[in-house]
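The primary structure of each chain is shown beneath.
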Amino acid sequence: MADVPTKGASRALVSIVFRNQPGASEETRQRVLRVADEIGYRPDSAARLLARGR
């Protein structure tokens, strides 16, 4: 996820988009998802569980 914000969105905004939460415009959402696809980013479910403490 750290590589996506360098392409024009903050880390917090990227997190909002990936968690599908409100707070990002549709245009921004599409841009973040496009950049993530271009760089081959895929969320790591194990890392998400570790971050949540589960």
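The structure we're discussing is the one just above.
Since the model is a prediction, treat every value here as computed from it, not as a measurement.

Colleague: How do you make sense of the overall build of the protein chain when you look at a structure like this?
Modeller: Scanning the protein chain from terminus to terminus reveals three helices and zero strands. The order of helices and strands in the protein chain, counted from the N terminus, is α-α-α. Expressed as a percentage of contacts within the protein chain between residues at least 6 apart in sequence, the contacts between residues at least 24 apart total 26%. Only carbon and sulfur atoms are counted for the fraction: they give 49% of the accessible area of the protein chain, which is about 4000 Å².

Colleague: Explain the nonpolar core to me, please; I cannot follow it from the model alone.
Modeller: Generally speaking, a soluble globular protein has its nonpolar side chains buried in company with each other. Ranked by size, the top nonpolar core spans nine residues in total: A9, V14, I16, V17, F18, A24, V32, A36 and Y41. Among the elements of the structure, α1 (11-18) and α2 (26-39) are those that each provide at least two residues to this core.

Colleague: Just checking my understanding: could you explain the pattern of salt bridges for this structure?
Modeller: When charged atoms on two side chains of opposite charge get close, those side chains can pair. As enumerated under the stated definition, the model contains two salt bridges in all. With a shortest N-O distance of 3.6 Å, R34 and E38 are connected by a salt bridge. You can see R34 and its partner E38 sitting in helix α2, four residues apart, about one turn around the helix. Assessed through its relative accessible area of 46%, R34 is described here as partly exposed.

Colleague: Would you explain the side chain of R29 in this entry?
Modeller: Its location among the elements puts R29 in helix α2. Discounting chain neighbours no more than four positions away, the residues touching R29 are I16, V17, N20, Q21, P22 and A24.

Colleague: Is there a simple way to explain α1 in this structure?
Modeller: For the α-helix, the turn length of 3.6 residues means that residues three or four positions removed from each other point alike. Within α1, burial applies to V14, S15, I16, V17 and F18. Turning to α1, the residues buried within the fold contact α2 and α3 (45-52). Positioned one or two residues after α1, N20 has a phi angle of 55 degrees, which is positive.

Colleague: What is the right way to look at unusual backbone geometry in this model?
Modeller: Of note in the backbone geometry, N20 takes a positive phi value of approximately 55 degrees without being a glycine. Among the secondary structure elements, N20 is positioned in the loop between α1 and α2. Residue N20 is classed as exposed on the basis of its relative accessible area, which comes to 63%.

Quick notes on the rules
- Residues numbered from 1 in each chain as written.
- Predicted model: local features only at pLDDT ≥ 70, side-chain atom pairs only at ≥ 80, totals over all residues.
- Heavy atoms only, no water.
- Helix = DSSP H or I, 4+ residues; strand = E, 2+ residues; numbered from the N terminus.
- Contact = heavy atoms within 4.5 Å.
- Areas by Shrake-Rupley, 256 points an atom, 1.4 Å probe, with all protein chains shown as cover.
- Core = buried A, V, L, I, M, F, W, Y, C linked by side-chain atoms within 4.5 Å.
- Buried < 20%, exposed > 50% of the residue type's maximum accessible area, 1.4 Å probe, protein only.
- Salt bridge = Lys/Arg side-chain N within 4 Å of Asp/Glu carboxyl O.

Remember, this is a structural readout, not a statement about activity or role.
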